[in-house]
Structure formats: C-alpha cells, structure tokens
Amino acid sequence: MDWERPPHRSRGPGVPPDLEQVINRLRQRFSFSGMKGGPFWIAALVIIGLVLGANAYYTVAPQETAVVLRFGRFVRTEGPGLHFKIPLGVETVTKVLTGRVLQREYGYRTVTPGVRSRFAEQGFEEEARMLSGDLNVVDLQWTVQYKIRDPQEYLFRLHDVESTLDDISESVMRRIVGNRYADEVLTVGRASISEMARQEIQEIMDTYHTGLQIVTVKLQNANPPDPVKAAFNEVNEARQEKERMINEAQQVYNERIPKARGEARQTITQAEGYATQRINRAEGETTRFRSILDEYEKAPDVTRRRMYLEAMREFTAKSNNLLVLDASAGGMLPILDLNQVIQTWAESGSRPEKARE
C-alpha cells in the first residue's frame, strides 16, 4: 500500500514552512541547468574560490618574520615557511627582515655598492662636521649596522624607527667627539669611540622600545676639513719627525747605556776580585808569618838557619852559574877554569857580557 501525501493545508502566519518545501525551493532557485546564465555563475563561484584560496596562505622567506594582524590587532608572528590566514582582509600579514644586517650611513652615501663601490660626500657635510673637545673641527663618517630583534616593537611601538635611529646616532656621536681631543678622534681613539657609541645607542633604543639590536658602529673616515687639511698635515709631519727623533735617541740610549753599565759592573767586579785577592794574600802572608814566628820563638837558631837555606834555595834556582868563594882566597883566577867557562859559553850561545852578568 503506497503512502500518499496529505493535501496541502493552509497555514496561519505563525506556522513555520515545511522543511522539505524549503529545500525544494532552494534547489529550484539555484538549479543552473534550468536557469538562464548558469555557466556565468559557475565561473563566478570558481573565481571567488580561487581568490579566497590565494588569499588564504602566504610564504615567509628565510630572512623574514611575518607579523599577523586580525582586524588590525596583533595576533602572532610566524617564521620562515608556508602559513595560512583568514582571507577577505580579516587577517593581514606584514613581513619584516629580521635575519639580515641592515646599515645606516652618516656623512656620506653609497652610490654604487660592490667590489669597487662609489660614494657620495657632497651634500652630507653637515652630518660629518663636528666640534671636538679642544675646539677643532673634524669631518667624521661612520656607519651603524643593526638588526630587527623584535618585529612587534619595530612595527607598533614607535613611528619611523629609522629616523629615530638617525637622530640618536648623530646625537651620541657628536657628544662623544665633543668630549675628546681632535688628535685622539683622528688617530688612536677610533676603536674606543665606536664601542662607546654602540653601547649608548643601544641603551637609548632599548629605552624607546624600538626592537632594534645595534650590531656595530664603524668609523669610516676621520679627517680635518679641507681648508685646514694642509696645515694639519704639516703638524702631523712635525709630530712624526719628533717621534722619529725620540725613537732614534731612545735607540742610541738603549745601545750605549746598557753597554756602559755592563763595563762599569765588569770594572767593579774586577776591582772587587783584586781587592779580595790582595786581602786573601795578605791574610795568608800574615798567617804564614805568625806560624814562622811561633816556630822561631820555639827554636830561634834552627828557624833562622832554615829560613836562610830556603832563601838561598830560591836564589840559586834563579841563577845559571854560581861561584862559592872562600873568604881567605886572594882572587878568582886560582879557582876559575877559563876553558870551562869558554866551553860553557860556546854550548849555551851566550855572550861574555851576559855571562859576566
């Protein structure tokens, strides 16, 4: 037995329509096969779907960080890669370069970067010209390298962060140079000035919550102004000549003074050695004399004879020919054999005068 639908009954204003009827009406209304212009609507829906799909994702490069806003309010940050968002302007994405070191130049500008870079200095003299602590004018060119550490602070905490960095960098550099002598700025103080400027700029930027990290501050050129450059070069040449003469004098001093001191120490050492030798010898002679005196006091005759014999032994050891004469002898001829003397002269090769001596 087939079921039949009951006849349609009229409904009052408060009775809701039948669900099946609503579905049938919607089906008939959006049926493209029986409706004129159906392909147009299909193409429109396809285009709308493509537009929504294209706006539903975004790609972040390796050196970038994406800041996502929903109805203009910060929601999140995304790293490198493919990400999705709500289309139709509900969520907007701003990409910030956080992985690259950026640079600001002061006192000059790079015209053509590369291996042979070209720079422009005209028009930027006001940035470079400063007054040092000793009231000298210095033309200083420097660069500030920085990275974006916090994208949220960089975008929303301060307006025009780069202009703020320019003002702070120029103010800090002028204050540091104004507290130093011009010679120090142009020569040996460049490294300390760079490090001090980096620290102070970083502290001020952190106070303003700019989201920047100052990597380094480099002093490129530090020269006197062109009108006084010739005079300044002459002063530098005079100072270099002074340093050269001082170095030469120091070299001569280092060569001669240590040598003189060494010779003086050698002379003093020799004198001390000689004095020690004489003292030791005198003390030895004294000790020897005392020992002889002690022996002499014990046996005067024996000691006297022994000393005489020792003296004669030393004397005879130094003499080649020795003649011993008796006190009663009348002369030397009776006991002197002249033939033996002549033979001795011939054998020794000595002259008579020498032998006589």
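Calculation criteria
Residues numbered from 1 in each chain as written. Predicted model: local features only at pLDDT ≥ 70, side-chain atom pairs only at ≥ 80, totals over all residues. Heavy atoms only, no water. Pairing = 2+ DSSP bridges. Helix = DSSP H or I, 4+ residues; strand = E, 2+ residues; numbered from the N terminus. Axes fitted to C-alpha atoms, helices over the stretch in contact; angles between N-to-C directions. Expected span 1.5 Å × (residues − 1). Buried < 20%, exposed > 50% of the residue type's maximum accessible area, 1.4 Å probe, protein only. Core = buried A, V, L, I, M, F, W, Y, C linked by side-chain atoms within 4.5 Å. Contact = heavy atoms within 4.5 Å.

### Observations concerning the sheet that holds strand 3 (residues 73–78)
Backbone hydrogen bonds hold the strands of a sheet together, and the pairing may be parallel or antiparallel. Taken together, 3 strands build an open sheet; the order of strands is 3-2-5 and the sheet is antiparallel. Where the open sheet ends on each side, the last strands, each with one partner, are strand 3 and strand 5 (91–97). The sheet shows a mean angle of 25° between the axes of neighbouring strands, direction not considered. Looking at chain direction, strand 2 (residues 64–70) and strand 3 are connected through 5 bridges and run antiparallel. Considered in strand 3, the bridge of A66 is made with E78.

### Some words on helix 5 (residues 161–178)
Taking 1.5 Å per residue as the helical rise, helix 5 with its 18 residues ought to reach 26 Å, and the 26 Å between its terminal C-alpha atoms agrees with that figure. Listed as buried for helix 5 are V161, E162, T164, L165, D166, I168, S169, V172, M173, I176 and V177.

### Some points on the nonpolar core
In terms of nonpolar packing, the biggest core is built from 33 residues, with W142, L165, M173 and I201 touching the most fellow members. For this core, the secondary-structure elements that each account for two or more residues are strand 2, strand 6 (102–106), strand 10 (137–148), helix 5, helix 6 (182–186), helix 7 (190–207) and strand 11 (212–223). Here this core gets 7 residues from one element, more than from any other, and that element is helix 5. Beyond its immediate sequence surroundings of up to four residues, L165 is in contact with R104, Y106, V144, Y146, I201, M205, L212 and I214.

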